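Take a look at the letters that make up each chain.
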Amino acid sequence: MSHLSQEELVKQWESEQASLRQLMVEEDTEDWQRSPDFTGLERVGGVDLSFVKGDDVNACAQLVVLSYPDLELLYEDSQMVTLTAPYIAGFLAFRETPYLLEALQRLEKTQPNLLPQVVLVDGNGLFHYREFGLACHLGVLSGLPCVGVAKNLLQVQGVTKSQQHQLQIASLQKGGDSFPLTAASGKVLGKALRSSDSSTKPVYVSTGHRISLETALRLTHTCCRYRVPEPIRQQHVVPQTWMSSLTGSGPDAALIITIVYGLWMFSRKQRTNAARRYVAVLRLARDAASCFFGMALGLDSLTNEIINYRFIVGLCLLLF
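**Here we look at the sheet that holds strand E3 (residues 73–82)**
Turning to step 1, where the next piece is worked out: The eight strands are arranged E3-E2-E1-E4-E5-E8-E7-E6 in an open sheet whose pairing can be described as mixed. The open sheet has two free edges, formed respectively by E3 and strand E6 (178–182), since each of these has just one partner strand. Adjacent strand axes in the sheet meet at a mean angle of 25°, parallel and antiparallel pairs treated alike.
Turning to step 2, where the next piece is worked out: Pairing between strand E1 (residues 43–51) and strand E4 (residues 118–122): four bridges, direction parallel. For Gly46, the partnering residue across the bridge sits in E4 and is Leu120.
Turning to step 3, where the next piece is worked out: Its contacts with the sheet put helix H5 (residues 213–222) on E4, strand E5 (146–150), E6, strand E7 (188–193) and strand E8 (203–209), and the angle it makes with E7 is roughly 20°.

Written as structure tokens, this is what we have:
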């Protein structure tokens, strides 16, 4: 791709998107989708690509599979990856899909019995500039039903964070309430969903592939214990398998890693002393809260041990 200019790359990707768009199915295709309580659905997947703050090249590609309707963890896969495609607005799928697709393919090869029957994608589907977002792209290439669930509103095709939009959000009285995201053309591209009674900020649901919008909306709501549906929320807790691979046999390795990482972060020349202190305070406050409330948040003992080390190291660095 490096030999192409951005303009040439955009044209190439637009052409590929248009071709894949023809293969997208916006209707229900599975028997469980037509059941009021999703009878027959046993496994729900979630995928996401998480970046380290300040680094837009190295990321962690994550896949989790949960049981349904209990939403218990059945499988998780976390791999550090280096992205090669540039970021261009509207073409996020070309950066991220290859690594998410690889995660699904690894699962299909090693434990096909755990392959999800539907995948919730941290991103948009039909609700997109050209009506073909990450959830659509992954769905078409994987062949699996996919749902786009975005935490922030993509302002596209006439849908904006207007006063009317804010009033519509305020009108959502309880978990399960929703309103349509209607493009300037009149087409409904997705829906804003109040996912739980305790959260007033909606998530934005759209069709990815092989599922209707109404079914995607119902499914997303049933997967929510909090604001973000569990298949996606679970990925924002440090994955046990990935952390175990980093920390080796136990806390001693974790301490070494956190010390090296901390010293590297705080020795970067481009940060002033004041900025370093400010970042240290923020990290310290975060880790202190995690130490005290980690168990309440459902973190495993190994992760709590690592956070405790980070807290101690952060305190030492702050005092330098």
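**Considerations on the environment of Val10**
Turning to step 1, where the next piece is worked out: For Val10, the position within the fold is in helix H1 (residues 6–21).
Turning to step 2, where the next piece is worked out: Distance from Val10 to Ala89, taken between C-alpha atoms, is 9.9 Å for residues 79 residues apart in sequence.
Turning to step 3, where the next piece is worked out: Once residues within four sequence positions are removed from consideration, Val10 is found in contact with Ile88 and Phe91.

**Observations concerning the pairing of E1**
Turning to step 1, where the next piece is worked out: Across the nine residues that make up E1, a large majority, seven, are buried.
Turning to step 2, where the next piece is worked out: The pairing of E1 with strand E2 (residues 58–67) spans nine bridges and is antiparallel. Its bridge partner lying in E2, Val44 is registered against Leu66.
Turning to step 3, where the next piece is worked out: Counting the residues between successive antiparallel strands, the hairpin from E1 to E2 contains six residues, one of them, Gly54, with a positive phi of roughly 90°.

Thresholds applied
- Residues numbered from 1 in each chain as written.
- Predicted model: local features only at pLDDT ≥ 70, side-chain atom pairs only at ≥ 80, totals over all residues.
- Heavy atoms only, no water.
- Pairing = 2+ DSSP bridges.
- Helix = DSSP H or I, 4+ residues; strand = E, 2+ residues; numbered from the N terminus.
- Axes fitted to C-alpha atoms, helices over the stretch in contact; angles between N-to-C directions.
- Contact = heavy atoms within 4.5 Å.
- Buried < 20%, exposed > 50% of the residue type's maximum accessible area, 1.4 Å probe, protein only.

All we've got here are geometric facts, nothing functional implied.
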